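# Chain and residue survey
Now for the letters of each chain:
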Amino acid sequence: MKKRVTKKVFKKILDSIQTGKKRYIKISSAHLSGISYLNIGDAGLEFLEDLSRSGLKFKVRTTINPGCVDYSSAIKCDPEVVEKQKRIIRSLKNIGAIESLTCTPYLFDNPLKRNQKIAWAESSAALYANSIIGASTNKEGSLTALASAILGYTVRTGIHLRNGKKPKIRFEYEGELKDEVDCGLLGYVMGLKAGTEIPYLQIKKCIGSILCYKQLLAGFGTSGSAPMVWIENLTPGFSRVKKPKRKIIIDRAELEEEKKILSEEAPLFHSNRMIFVTGCPHMSLEEIKSFHEALRNIEKLSMEAWVFTSRNVYSEAFRRGLLTDLFEKGVRVFKDSCIMHCSLKNSGIHVITNSVKAAYYLRGSLRLKTTLKSLKELVDEYGGK
Amino acid sequence: MILKVKVINTGFAKGALLISRQPISFFGGVDPSTGVIVEKNHPLEGVNLCRRILAVPSSKGSTVGSYVIYGLAKRGVAPSGVILGQEDNIISAGAILGGIPVVLADMRKILSSFENGETVILDARRGRILRLI
């Protein structure tokens, strides 16, 4: 078939997700998923190259998710994968994408304001945009976000409707959240229970760090399909929202139950290669700073640790000398890529991570064994003396 | 026999009806160069989708399935038309990219009105499926 990719095709894609009368809403920013060659393969590469040849351009500021390769890293990947990942990124740049290669575009590359209407794929970023910043996006798929980026508008459904942000279910968590792993697990359990409904969350003992909420939302996006969580005392405008009557209490035992499925005992001896992986979603500068701080009194970790972040945060952390210190302690820092890294495929490596989302996908897609541990546990157990 | 259906992507197609009672995963479950279903233990394992009118309840698995359908269409080995049992963004988006007509129908009605393998016309302009006489 010698059909060119046209605007009409993208309009049809948007229309196909909306039944009844077609209504649209202008957007001012887009973020695309489906960038990694490991994920979209030859079929996706072929489509993006065709699109890039069509002459169509993105109409709004458009950033992209990480790929699966960090070109500057010493950890090498299959040359074919490296080449094809390059071609995917080149095509997207041709269409006008910003080479952000991060799942946290809200930090630098694609900053948002409250009430901004956007079309973002990448569930953890969409949830962050809605729940922490107060912007509005549905949880877009790779192709609907791409269509919106080309057209400059999206369909007025879901969260863009008049009462689209209204919470329908209230969650109360009474237990303790001792670290970011607990936060991720709570989000994951909420996602399983909420399904498509937007929840309102009340936590008795609120832990202040934004890392916790980042993990909570990433966990929620992994198991649920709602585009946002109202977090009491945090989400902009929470005090004006009517709290839903329907209430579900979540307790510690439910978190432990899900943990058993996503996490197994780490092998005592390094019979298989084991690495610690963090930065899913990508670490912010503040998170790198606090990790750096936690390792202050440690000479070298007894296990290799991998940190994933965006190229912007990477350069800034490098400039401040943080990365050099981390390298010395056995920590590799990656940019432009994520935990679904080219070198982990078929590697048989046992991965220890503080991200529930990472554990879920490493087990499901890369068939690796995983253990959930917080950064603090990493330092305590593998910090040596 | 004429069955009224809802149009998702317009166009006309003619071909032998292939009814799948199970969802199909296009990414990983279909050979992207030939259109043959390769998913282990799928009831249609080994069957070629090429130029068939595929009736399927929905897709399953990765959203990358859309790109696979696009690739099949470019190589001329995609189904000529698709009848969906329920709304499915992955198949719809892929078929729209590849220029394949798609309709939405009640799968039970498809099963009771048509025989697997018979030639049908998919009129995804006026929204109907006809048995070829």
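Residues numbered from 1 in each chain as written. Chains lettered and ligands numbered in written order. Predicted model: local features only at pLDDT ≥ 70, side-chain atom pairs only at ≥ 80, totals over all residues. Heavy atoms only, no water.

Before going further, it helps to examine the nonpolar core. Residues Phe-10, Phe-47, Leu-51 and Leu-146 of chain A together with Phe-26 of chain B are the most contacted members of the largest nonpolar core, which totals 71 residues. If you look at the next biggest cluster of nonpolar residues, it comprises 46 residues, including Ala-125, Ile-133, Ala-135 and Leu-186 of chain A. (Core = buried A, V, L, I, M, F, W, Y, C linked by side-chain atoms within 4.5 Å. Buried < 20%, exposed > 50% of the residue type's maximum accessible area, 1.4 Å probe, protein only.)

This paragraph deals with the state of the cysteines. All names here are of chain A. Applying the stated criterion across every chain, the model contains two disulfides over all chains. The disulfide that involves Cys-77 links it to Cys-342, with 1.6 Å between the sulfurs. Of this pair, Cys-77 sits in the loop between β3 (61-64) and α3 (79-95) while Cys-342 sits in the loop between β12 (331-334) and β13 (350-353); the two residues are 265 residues apart in sequence, bridging distant segments of the chain. Here the two residues Cys-77 and Cys-342 agree in accessibility, since each one is buried. Note that Cys-183 is cross-linked by a disulfide to Cys-212, the S-S spacing being 1.9 Å. Every disulfide takes its handedness from the sign of the S-S torsion; for Cys-183 and Cys-212 that torsion is -95°, giving left-handed. Pair noted here: Cys-183 is in helix α6 (residues 180-194) and Cys-212 is in helix α7 (residues 210-223), with a separation of 29 residues, a long-range link. Take Cys-183: its relative accessible area is 0%, and that puts it in the buried class. (Disulfide = S-S within 2.5 Å. Helix = DSSP H or I, 4+ residues; strand = E, 2+ residues; numbered from the N terminus.)

What follows is about the domain arrangement of chain A. Residue and element names in this part refer to chain A. Domain boundaries in chain A define domain 1 (7-160), domain 2 (169-261) and domain 3 (263-382). Computed from C-alpha coordinates alone, the two centres of domain 1 and domain 3 are separated by 26 Å. Each partner contributes residues to the interface: domain 1 has 25 residues there, and domain 3 has 22 residues. Summing both partners gives a buried area of about 1900 Å² for domain 1 against domain 3, and 61% of it is carried by carbon and sulfur. Looking at the side of domain 1 facing domain 3, the largest losses of area belong to Leu-38, Asp-70 and Ile-75, adding up to 29% of the total buried there. Remark: the boundary between domain 1 and domain 3 carries three salt bridges. The salt bridge involving Glu-99 is made with Arg-311; its shortest N-O contact spans 3.4 Å. Inspection of the domain 1/domain 3 interface yields eight residue pairs in polar contact (both at pLDDT 80 or more). Residues that form the side of domain 1 that touches domain 3 fall into these classes: 12 nonpolar, eight polar and five charged. (Domains from an automatic or database assignment. Contact = heavy atoms within 4.5 Å. Buried area = accessible area lost by both parts, 1.4 Å probe. Salt bridge = Lys/Arg side-chain N within 4 Å of Asp/Glu carboxyl O. Polar contact = N/O pair within 3.5 Å; in protein donor to acceptor, adjacent residues only side chain to side chain. Nonpolar A, V, L, I, M, F, W, Y, C, P; charged D, E, K, R; others polar.)

Below, the discussion takes up the interface of chain B and chain A. Taken together, the contact between chain B and chain A spans 23 residues of the former and 20 residues of the latter. Buried surface at the junction of chain B and chain A, both sides included, amounts to about 1900 Å², of which 60% is carbon and sulfur. The interface formed by chain B and chain A holds three salt bridges in total. Glu-46 of chain A is the partner of Lys-74 of chain B in a salt bridge, and the nearest nitrogen-oxygen pair spans 3.1 Å. Summed over the shared surface of chain B and chain A, the number is five residue pairs in polar contact (both at pLDDT 80 or more).

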